[in-house]
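Next come the chains, spelled out residue by residue.
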Amino acid sequence: MSFLLRQISQTSGGREIVRAHVVKRDAVTIGRSPDRDIVLADLAVSPDHARIERSDARRLTISATGTLGFTVDGRTTLRATIDSAKGGEIAIGAYRITVALEADGQISLTVARTADAVERDAATGFSLRGLLPGKRATAWVLAVAVLVGFLAVPIWGFLHPEDRRSIYALQADQSWSSGPLSKAHHALEGKCEACHREAFVSVRDDSCVACHNDTHDHASAARIAKARAQPGWGGRVLAAVAKGFNKPGPGACVDCHTEHEGAGPMPATAQAFCADCHASLNTRLADTKIGNAADFGTAHPQFRPTVATSAGAKPVLTRVSLDAKPIDISGLKFPHKLHLDRRGGVARMAQTNGSGQALVCADCHTPSADGTRFVPVEMERNCQGCHSLAYDRVGGTVRTLRHGDTAQMIADLRAMYRSTAPAKPPELGGMARRQPGLYAQGQLYHAYFGAVAARPGGGEAAVRAVFSKGGACFDCHTVTPSGINGALDWAVTPVRQPMRFLQHGWFDHKAHRTETCASCHNTAATSTRSEDLLLPGIKSCRTCHGGEGSAAKVSSNCAMCHSYHIDDGAPWVPRGRVNAARQRQMSQWVRPAER
């Protein structure tokens, strides 16, 4: 036995296409699954929905294979018998299966989609599109809403201001604002014309320099233009679009300083702004000595501090990479180990006089007022507590050597020995009775009159003693004896204490106050030469700092350590203010010899 199956479908133009084939079996299956004999593409049909079997030469039985039934001649059922000679119609979902007996005695099953279902697009049969208004109507509604919400209502709110001191006051015109200005520009809040001088034109540089007239680039405009990397085709497209919207070209103030980002500090400059030039600087500036830098964590050269290769009034300064293990000749002799060693002589002296176990860094190094640097070490404040310069006592007054003024100190010593004799001890004055023992070698009489006899010629010996090994000057300073290199008298090499070794980078000690000094300067306790440069290298910094957006403890962009407009001072401070601050600092920290 077999079935004649006809599948009727329609083209988009409404023309019917009939596909027929014979199934030589006693039963056929119906369902949505592709492996069924009769496939009905309707979500209302189960993958395996029903089964048709021939009972004899004319009749057939249709039965549901699941819980969903079907309709036979208008009646819903799960099982039915149809006489093909009389004909019948089976409805399953959107499909109709017509049963008929052909002239050759073969039973035919004709499958067709109902007219209503054909009109519906199967892909949109379950869409909610028909429940929503059309695109054109929606566009008009939204356009009207925008005009009312962002134009009519703000204008009405501007013309009818409410008491803005109330937090419940309606401030509809705020919808025009791009956001609050930063703390630096807070005074310009509401004065849009101060920066936006032309409608629909981005802020120009002349608006910025109208107030910030003491700012400057860190190189000439021509050199910066040469150093800047050329954009690819994508960048050129974006630049053209930006120009179409009246945005200024590359290198404008607004490229770096973005506003309306909130009421706090201005956002830091993005790393990409600096990397645009510095990532491959050597490919465009052949004469530069600056290494390429793009990311502190992965692409940054070693630090290059400025150190003195010779001491003196005019020291020779040079920039050297820390990889070369440079030294800094300051003119001082103060090995850190001698002062920091907990088992050394300094520690024992501290234990003896009860002032502590040993010196620590803070005993000599005092932070500046802003906490970013350290003020130079001074003899009177930091050293004299241990290194006394006393050389004479007059009554209750102790006379000390003048520190920082070598010529005057020498003159003081020579004058002392050329002037009056040493004070006569009371035991040798008046009518006091002389005791025989006082005239012995080393006793009072001998010491006093010996000093009186040696006084006129003792000045040179005292000067020589001060500048010789074991003297007050020799142990700490580099001394030049008289007659050496044409020197007329004894001289002390001027001491150089730099305010900062990293002239092109910025390090904020205040931001690292949670760390100990030894966390970074870990070689101080073992340093045996004053020339040792105890700066930490980039590897040490990278234990905490990574590049912008890195997973390091502190993600660091270029602006954290480098300045664009200035060559000194804290970031974001223009040159004029830095110069003023520098003058104030220098007036406070001038060396004793220069006072």
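Look up a bit, the structure's there.
A brief structural summary. (Residues numbered from 1 in each chain as written. Predicted model: local features only at pLDDT ≥ 70, side-chain atom pairs only at ≥ 80, totals over all residues. Heavy atoms only, no water.)

### A few points about the overall build of the protein chain
Let me state the cut-off plainly: Secondary structure elements are taken from DSSP: a helix is a run of H or I of four residues or more, a strand is a run of E of two residues or more, and numbering for both begins at the N terminus. For the exposure calls, accessible area comes from a 1.4 Å probe over protein chains only, and a residue counts as buried if that area is under 20% of its type's maximum, exposed if over 50%, partly exposed in between. Residue contacts are counted whenever heavy atoms from the two residues lie within 4.5 Å of one another. Each accessible area is a Shrake-Rupley estimate made with a 1.4 Å probe; only the visible protein chains count as cover when residues are assessed.
Scanning the protein chain for helices and strands turns up 16 helices and 22 strands. Looking at the protein chain as a whole, 27% of its 595 residues are labelled buried. Of the contacts made within the protein chain by residues no fewer than 6 positions apart, 45% connect residues no fewer than 24 positions apart. Surface exposure of the protein chain reaches about 37,800 Å², of which carbon and sulfur atoms provide 57%.

### Quick word on the nonpolar core
Formally: Note on terminology: a nonpolar core comprises buried Ala, Val, Leu, Ile, Met, Phe, Trp, Tyr and Cys residues joined through side-chain atoms within 4.5 Å.
Residues Ile-52, Ile-62, Phe-70, Ile-90 and Leu-109 are the most contacted members of the largest nonpolar core, which totals 26 residues. Aside from chain neighbours lying at most four places away, what touches Ile-62 is Ala-50, Arg-51, Ile-52, Phe-70, Val-72, Leu-78, Arg-79, Ala-80, Ile-82 and Ile-90. Membership of the second largest hydrophobic core comes to twelve residues, among which are Ile-410, Cys-473, Val-479 and Trp-490.

### A short note on the sheet that holds strand β9 (residues 79-83)
Whenever strands of a sheet pair, they do so through backbone hydrogen bonds, lying parallel or antiparallel. Which entries qualify depends on this criterion: Strand pairing is assigned whenever DSSP detects at least two bridges linking the two strands.
The strand order β4-β3-β5-β6-β9 describes an open sheet built from five strands, whose pairing is mixed. Each edge of the open sheet carries a strand with a single partner, namely β4 (38-39) and β9. Strand direction decides the pairing type here: strand β3 (residues 27-31) and strand β5 (residues 50-54), joined by four bridges, are antiparallel. For Ile-30, the partnering residue across the bridge sits in β5 and is Ala-50.

### Remarks on helix α13 (residues 458-467)
Note the following rule: The directions from the helix axis to the C-beta atoms form the arc being described.
Buried within α13 we find Gly-458, Gly-459, Ala-462, Val-463, Val-466 and Phe-467. Across the axial projection of α13, the buried residues extend over an arc of 165°, all falling on one side.

### What about the packing of aromatic side chains?
The cut-off we apply is this: Note on aromatic pairs: the rings of Phe, Tyr and Trp (six-membered ring only in Trp) are paired at centre separations within 6.5 Å, and the planes decide the class, stacked below 30 degrees, edge-to-face beyond 60, tilted for the rest. Any Lys NZ or Arg CZ that is within 6 Å of a ring centre and within 35 degrees of that ring's normal is treated as a charge sitting over the ring.
Counted under the stated rule, the structure contains two aromatic pairs. Centroid distance Phe-467 to Trp-490: 5.4 Å. Interplanar angle 5°. Geometry classified as stacked. In this pair, Phe-467 sits in helix α13 while Trp-490 sits in the loop between β19 (479-480) and β20 (491-492), placing the two residues 23 residues apart along the sequence. When sorted by exposure, Phe-467 lands in the same class as Trp-490, which is buried. We note Arg-542 situated over the ring of Phe-296; from NZ or CZ to the ring centre the distance is 5.8 Å.

### Re a nonpolar patch on the surface
What counts here: Each patch is built from salt-bridge-free residues with over 30% relative accessible area, joining like charges within 9 Å and nonpolar side chains (Val, Leu, Ile, Met, Phe, Trp, Tyr) within 5 Å. Definition used for salt bridges: Asp or Glu carboxyl oxygen within 4 Å of a side-chain nitrogen of Lys or Arg.
Among the surface-exposed residues, Val-146, Leu-147, Phe-150, Leu-151, Ile-155, Phe-158, Leu-159 and Trp-176 lie close enough to one another that they form a single nonpolar patch of about 830 Å² accessible area. Its place among the elements puts Val-146 in helix α2 (residues 135-159). Here Val-146 falls in the partly exposed class, since its relative accessible area comes to 45%.

### Quick look at the pairing of β3
Of all five residues that make up β3, five are buried, and the element is covered over most of its length. What you see with β3 is no split at all: Ala-27, Thr-29 and Gly-31 on one side and Val-28 and Ile-30 on the other are buried throughout. Relative to β4, β3 is paired through two bridges, and the arrangement is parallel. Pairing of Gly-31 across the sheet is with Val-39, part of β4.

### Quick notes on the pattern of salt bridges
Tallied over the full model, the rule gives 16 salt bridges. A salt bridge links Arg-6 to Glu-102; its shortest N-O distance comes to 3.3 Å. Placement of the pair is Arg-6 in strand β1 (residues 3-10) and Glu-102 in the loop between β11 (95-101) and β12 (107-113), with a sequence separation of 96 residues. Using a relative accessible area of 25% as the deciding quantity, one classes Glu-102 as partly exposed. Of the charged contacts, one joins Arg-399 and Asp-392 as a salt bridge, the two residues approaching to 3.4 Å between their closest N and O atoms. A cluster of three or more residues bridged by salt bridges with shared partners is formed by Asp-35, Arg-36 and Asp-48.

### As for the pairing of strand β13 (residues 306-310)
Bridging between β13 and strand β14 (residues 316-319) involves four bridges; their strand directions are antiparallel. What sits directly across from Ala-308, in β14, is Leu-317. Count of turn residues in the β13/β14 antiparallel hairpin: five residues, of which Gly-312 carries a positive phi of about 130°.

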